[in-house]
Amino acid sequence: MSKSDRLTLAFETDQLDLPTGSVVVLRATPKSIYSKFADCAVWQSFKPTVDLLTAQGLNVVAELPTAADTAIVELTRSKAESLAIVASAYTLLSKGGVLIIDG
């Protein structure tokens, strides 16, 4: 098996099901698994990472959508920022939505 990040590994080993419906990834970093999601928007404010995500062909958004069926949060090194991002992700989930935290 090739080296894989923990989120991709969780999907590839069926620990997590591929999300259906709309997906938003907050503080996204380039991961090949995101291209397998049918309706995925990725949010990142760090320009070099935005460029990498765009080159990967992902739908990079400047502002968070107002609703999503699944939200994935990639935690940062800043505890305060990570908590704020988790709170933002939670508020945009539709009823019965899934929140996945990678970190």
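We now turn to the structure provided with this report.

1. Quick notes on unusual backbone geometry
Consideration 1: Within the chain, Asp14 stands out as a residue other than glycine whose phi angle is a positive 60°.
Consideration 2: In this structure, Asp14 sits in the loop between helix 1 (6-12) and strand 1 (22-26).
Consideration 3: For Asp14, a relative accessible area of 61% gives the class exposed.
Consideration 4: A positive phi is found at Arg27, a non-glycine position, where the angle reads about 60°.

2. As for the sheet that holds strand 4 (residues 68-74)
Consideration 1: Reading across the sheet, the five strands line up as 3-2-1-4-5 and stay open at both edges, with parallel pairing between neighbours. Since the sheet does not close on itself, it has two edges, and those belong to strand 3 (59-61) and strand 5 (93-102), each with one partner. Sheet twist, expressed as the mean angle between neighbouring strand axes with direction ignored, is 25°.
Consideration 2: Taken together, the three bridges between strand 2 (residues 39-43) and strand 3 define a ladder with parallel strand orientation. Pairing of Ala41 across the sheet is with Asn59, part of strand 3.

Each value, and the rule that gives it
Residues numbered from 1 in each chain as written. Predicted model: local features only at pLDDT ≥ 70, side-chain atom pairs only at ≥ 80, totals over all residues. Heavy atoms only, no water. Helix = DSSP H or I, 4+ residues; strand = E, 2+ residues; numbered from the N terminus. Buried < 20%, exposed > 50% of the residue type's maximum accessible area, 1.4 Å probe, protein only. Pairing = 2+ DSSP bridges. Axes fitted to C-alpha atoms, helices over the stretch in contact; angles between N-to-C directions.

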